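Each chain, letter by letter, is given below.
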Amino acid sequence: MRYSKLFGKTLRQAPAEAESISHQLLLRTGMIAQEAAGIYSYLPLGWRALRKIENIIRDEMDKAGGQELMLPVLQPLELWQQSGRDVSFGKSLFTLTDRKEHKLALGPTHEEVTADLVHRYVQSYRELPVLLYQIQTKLRDEPRPRGGLLRVREFIMKDLYSFDADEAGLAESYQKMCQAYKNIYARLGLPALMVEADSGAIGGKDSHEFMVITETGEDEVIYCTDCGYAANIEKAKFVKTDKATVPGKARNPLPLEEIATPESKTIEEVAKFVGVPASQTLKAVFYFTDGEFVFAIIRGDLEVNETKLRNALKCSELRLATESEVNAAGLVAGFASPIGIKGVKVIADDSVTSGSNFVVGANKPGYHFMNANYPRDFQVDLITDIAIARPGDSCPICGGKLSSARAIEVGHVFKLGTFISEKFGASFLDSDGKSRPIVMGSYGIGLGRLLAAIAEQSHDDKGIIWPLPVAPYQVYFCPLSLDKPEVLPTAEKIYQELQKEGIEVLFDDRDESPGVKFNDADLLGIPLRLTLSPRTLQSQSVEAKWRTEKKPQLLPLENLAPQVKRLLEEKAVRAQP
RNA sequence: CGGGGCGUAGCGCAGCUGGUAGCGCGCAGCGUUCGGGACGCUGAGGUCGGAGGUUCAAAUCCUCUCGCCCCGACCA
C-alpha cells in the first residue's frame, strides 16, 4: 500500500473526547472514526488489524471443532419472548417495528436463533456435540458507551455456542473453548487472566471471564498471588475471619441489652460510642427489588456485594431503597434492627455467624442493642454469602492475602445448561430412546475490544506497538529524500520486491521530512521499519528497525526481500505461544 | 437514570463585560530544505450544535432542545 493513497490520516493531537489511551491512539492513527456515542467506523488500517484478529479467532475456533455460520441481525421479537430474555435484557435490547407492525429485535447475541436452529436440525445424540459460531455485528443499547472501543453499542463479536448431550459433554466443550481462548490471547500477544465470573440471573453454574489487567478496565479482579485464585469482584469469595472476638470479652452469648446511643447512626459512630470494633457490630442495608422491600444484614466491617445479593434473591431489579420506603417498612434508618422485625424479607450475610454479642440497632431512634446473637435474638429468611471481597482479605483457597486490579474483559464463557434449549424444544433422543434437553454453553469474544485492549497495554509515548500477528502491515518502508534521483527508482524496486515476496508493506512514498515519516511509523506501530536513504545507499544497504527495539541493523540491498521475509518469520516463531 | 464537564474551520484551542470571528496544526500553490513532527511567501476553509427570545445589533445575554465526554447506577 502506498501511504500517499491511504485513506485516513494521522493526527498530531488526539480529539478531546478521547480519554483512554487506546481511544486516543486508535483515533490518532486514523484506524477508527466515531459516528455517534458507542458507534464507530473502522478505517482501512483499523479494519486490517481487526481482520487479523478475526482470522486468528476463526483459526482457533476451527481447530477446536467449531463450524462457522452466519446468523441474522434482525430477529423476530417472539424469539426473545420465547426465551424470556426480552425481559432480562430489558432496555439493552434494540427493538423496532416493521411495516406490517411486526416487532423485531436487533440481535445483541445469538443463543436464541442458534437454539432454534439446533432444535430443527438435531434430533439424535449421534449428532452431538455441535459447536456453532459466528463472527458478526451485534447490537446492544448500552446505558453508557465508553472508552472508545471498550464499550460500544454496535460491535463485532465472535460467539460460539456448544450443544452437548450431558453435563460431561458440556464440561469437555467448555474445556476446549477455554484452551482455544488461551491460544487466541497468546497469539495476539495479550496477557489474559482467566477468572471466575458471575453468570448473571440466567445461566448455569460455571462462568469465567478472560481479563487483561489495565487501569482503564471497567471490571475489578480480585486475585491471590500465592495460589493463583482469581475472580471478578462480583463473584470473588474470601474468608470472613472471626474478627468479632475482642480480647477480654466473653465469646459466650451474653444477655441482650438495650443501650442509649444518641446521635450514633453510622457504623463508625456506633462502634466508637460503644467502644467496640466495627466487626463487633451488625450493619443493616435496605434494598428494593422487583417490587419487594429487602432488609440485608451484614457484619459492620463488611460491605454488601450487590451481585451476590441479586443472585441470592434471584431478582432482576435491585436498588437501594429510598428513605420513604424504609420508613414505610416501619424501620428507623440508622437504628434499624432485625430484632423483632415483621413482614419484611430479611437476608443475612453468613458473617453474622462469625462472631457473637454484636451491637445492632434497636429500631428506635437513639437506641441500640448490645449482645445480639444469631439465631438466638433474630431470624432471617435467607443466610448466605453476600459480602464483597476487598484487597487484604484472605484467599478462600489458600488463606493468602488477596489483591485487586482493574481489568478489561476480553472474553466470557458460560455453562448455560438447558435453560434456553428447553424453551426452544431443543432436545434429542439418547441411546435409550429417551428425549432429553440439549446442554448448552456460550463463549464470546468482542473483536473491537480486543483491538482496544492490545493498544491499551502495548504502546509507548510514541504510539502503538502492534504485535506482529495483529499489525495492519508488517513492514513500514520508509525511503528518505525521495526527490534525489538515486533514491526513488531503488525505492520503487524494493517496494515491488517486497510485495512479490508476499510481505505486507506500507510504502511511505510521501514527500515528507524524515521526522514526519519516522513519527508516523512509530505512531502506527508497524513492527518492522525499513529505511532507505542516500546514506544507506552509499553502503548499498537498507536500515531495518523493529518497533520494539532501539538499535537498527543494516541489510544489504542485494536480495533484500527474502532477508526481510526471514526476519519476519523468525520474529513470528519467537512470538509463538 | 443521578452528578459533573464540553459543543467556535478536518484536529487542538482563543474570543464570551454584545458591534458580525481568530491562533496553532493540518490542507492547496510556489520556492528553499531533507535521518526524528523544517522554513518562507501566497491561499482555501466556519449554518460559532439547533430552535426561540431580548436587542438597532448575539459566538457572546435568557429559555428550551440536541449531541459528545467523564463519574456513578446499569451492563450474561
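Below is a summary of the structure that appears in this document. (Residues numbered from 1 in each chain as written. Chains lettered and ligands numbered in written order. Predicted model: local features only at pLDDT ≥ 70, side-chain atom pairs only at ≥ 80, totals over all residues. Heavy atoms only, no water.)

### Observations regarding the overall build of chain A
Per the secondary structure count, chain A includes 15 helices and 31 strands. Along the first, second and third principal axes, the C-alpha atoms of chain A reach 100 × 60 × 50 Å. Counting only residues that meet the buried cut, chain A has 52% of its 577 residues in that class. In chain A, once contacts between residues fewer than 6 apart in sequence are set aside, the share between residues at least 24 apart is 71%. As displayed, chain A offers around 26,300 Å² of accessible surface, 51% of which is attributable to carbon and sulfur atoms. (Helix = DSSP H or I, 4+ residues; strand = E, 2+ residues; numbered from the N terminus. Buried < 20%, exposed > 50% of the residue type's maximum accessible area, 1.4 Å probe, protein only. Contact = heavy atoms within 4.5 Å. Areas by Shrake-Rupley, 256 points an atom, 1.4 Å probe, with all protein chains shown as cover.)

### With respect to the nonpolar core
Residues L26, M61, Y181, L188, L450 and W466 are the most contacted members of the largest nonpolar core, which totals 65 residues. When residues in this core are grouped by element, the largest group, 8 residues, is from helix α6 (residues 167-187). L188 has contacts with I53, I56, L450, I454, P467 and V470, leaving out every residue within four places of it along the chain. L498, L530, L557 and L568 belong to the second largest nonpolar core, which has 26 residues in total. (Core = buried A, V, L, I, M, F, W, Y, C linked by side-chain atoms within 4.5 Å.)

### So, the pattern of salt bridges
Evaluation of the coordinates by the stated rule reveals 39 salt bridges. Salt-bridge contacts for R2 lead to E492; the nearest nitrogen and oxygen are separated by 2.8 Å. Of this pair, R2 sits in the segment before α1 (21-28) while E492 sits in helix α12 (residues 487-500); the two residues are 490 residues apart in sequence, bridging distant segments of the chain. Exposure remark for E492: the relative accessible area of 24% places this residue in the partly exposed category. For the salt bridge of E196 with K237, the shortest nitrogen-to-oxygen distance reads 3.8 Å. Taken as a pair, E196 in strand β9 (residues 193-196) and K237 in the loop between β12 (230-232) and β13 (257-260) lie far apart in primary sequence, 41 residues in all. (Salt bridge = Lys/Arg side-chain N within 4 Å of Asp/Glu carboxyl O.)

### Structural notes on the packing of aromatic side chains
Per the counting criterion, the structure on display carries 12 aromatic pairs. With 6.0 Å between their ring centres and 25° between their planes, F286 and F293 make a pair best called stacked. With respect to burial, F286 and F293 carry one shared label: buried. Put simply, the rings of Y181, Y185 and F210 pair up and form one aromatic cluster. Over the aromatic face of Y3 sits the side chain of R510, whose NZ or CZ is 3.7 Å from the ring centroid. Lying across the ring of W546, K571 places its NZ or CZ 4.5 Å from the centre. (Phe/Tyr/Trp six-rings, centres within 6.5 Å; stacked < 30°, edge-to-face > 60°. Lys NZ or Arg CZ within 6 Å of the ring centre and 35° of its normal.)

### With respect to unusual backbone geometry
For the peptide bond that leads from L128 to P129, omega is -5°, which places it in the cis range. Within the secondary structure, P129 is located in the loop between α5 (111-121) and β7 (130-139). The residue after Y374, namely P375, is reached through a cis peptide bond having omega 0°. Non-glycine residue E101 carries a positive phi angle of around 70°. Looking at the element boundaries, E101 is found in the loop between β5 (94-97) and β6 (103-106). Its relative accessible area of 62% is what places E101 among the exposed residues. You will see that N363, though not glycine, has its phi angle at about 55°, which is positive. On the secondary structure map, N363 appears in strand β18 (residues 358-364). Here N363 falls in the partly exposed class, since its relative accessible area comes to 24%.

### Focus: the sheet that holds β18
Read from one edge of the open sheet, 3 strands run β13-β19-β18, paired in antiparallel fashion. The sheet is open, and its two edges are formed by β13 and β18, each paired on a single side. Averaged over neighbouring strand pairs, the angle between their axes works out to 35° when direction is ignored. Where β18 meets strand β19 (residues 367-372), 4 bridges bridge the pair, whose relative direction is antiparallel. The residue of β19 that forms the bridge with V360 is F369. (Pairing = 2+ DSSP bridges. Axes fitted to C-alpha atoms, helices over the stretch in contact; angles between N-to-C directions.)

### Some remarks on the protein's contact with RNA strand B
Lining the immediate environment of RNA strand B, one finds 48 residues, of which R85, E111, R151, D522 and S533 sit closest. Counting only the atoms of RNA strand B that lie within 4 Å of the protein, the sugar and phosphate share comes to 52%. In the environment of RNA strand B, a phosphate oxygen lies 3.2 Å from a nitrogen or oxygen atom belonging to the backbone of G147. In the environment of RNA strand B, a base oxygen lies 2.8 Å from a nitrogen or oxygen atom belonging to the side chain of R529. Counting residues per element, the ones that place at least two in the surface near RNA strand B are β1 (32-36), α4 (85-89), α8 (306-313), β21 (402-417), α13 (514-524), β29 (528-532), α14 (534-538) and β30 (541-546). Looking at the surface near RNA strand B residue by residue, the class counts come to 14 nonpolar, 14 polar and 20 charged. (Near = heavy atom within 4 Å. Polar contact = N/O pair within 3.5 Å; in protein donor to acceptor, adjacent residues only side chain to side chain. Nonpolar A, V, L, I, M, F, W, Y, C, P; charged D, E, K, R; others polar.)

### Focus on the pairing of β6
Along a regular strand, successive side chains alternate from one face of the sheet to the other. Relative to β6, strand β4 (residues 74-76) is paired through 3 bridges, and the arrangement is antiparallel. When the bridges of β6 are listed, Q75 appears paired with A105. Looking at chain direction, β5 and β6 are connected through 4 bridges and run antiparallel. Each bridged residue has a counterpart across the sheet, and for T97 the counterpart in β6 is K103.

### Here's the deal with the sheet that holds strand β31 (residues 553-556)
An order of β28-β27-β29-β30-β31 is seen for the 5 strands of this open sheet, with the pairing classed as mixed. Lying at the two open borders of the sheet, with one neighbouring strand each, are β28 (505-507) and β31. Between one strand axis and the next, the sheet turns through 25° on average, direction left out of account. Examined bridge by bridge, strand β27 (residues 475-479) and β28 share 3 bridges and lie parallel to one another. When the sheet's bridge partners are listed, V475 is paired in β28 with V505. Here helix α15 (residues 560-575) sits on the sheet in contact with β27, β29, β30 and β31, set at roughly 135° to β31.

### Digging into α8
Turning to α8, its buried residues are T307, K308, L309 and L313. The inward-facing, buried residues of α8 contact β14 (282-289), β15 (292-299) and β17 (345-349). Between the side-chain oxygen at the start of α8 and the backbone nitrogen of T307 there is a gap of 2.9 Å, and the oxygen is on N305.

### A closer look at the packing of helix α2 (residues 44-63) against α6
Where α2 contacts α6, the axes come no closer than 9 Å and their chain directions differ by 150°. Regarding the angle of α2 to α6, the classification is roughly antiparallel. Once α2 is placed against α6, the crossing between them reads as right-handed. Between α2 and α6, the contacting residues are I56, I57, D59, E60, M61 and K63 on the first element and M177, A180, Y181, N183, I184 and R187 on the second. (Parallel < 35°, antiparallel > 145°, perpendicular 65-115°, else oblique. Left-handed = near helix turned anticlockwise from the far one by under 90°.)

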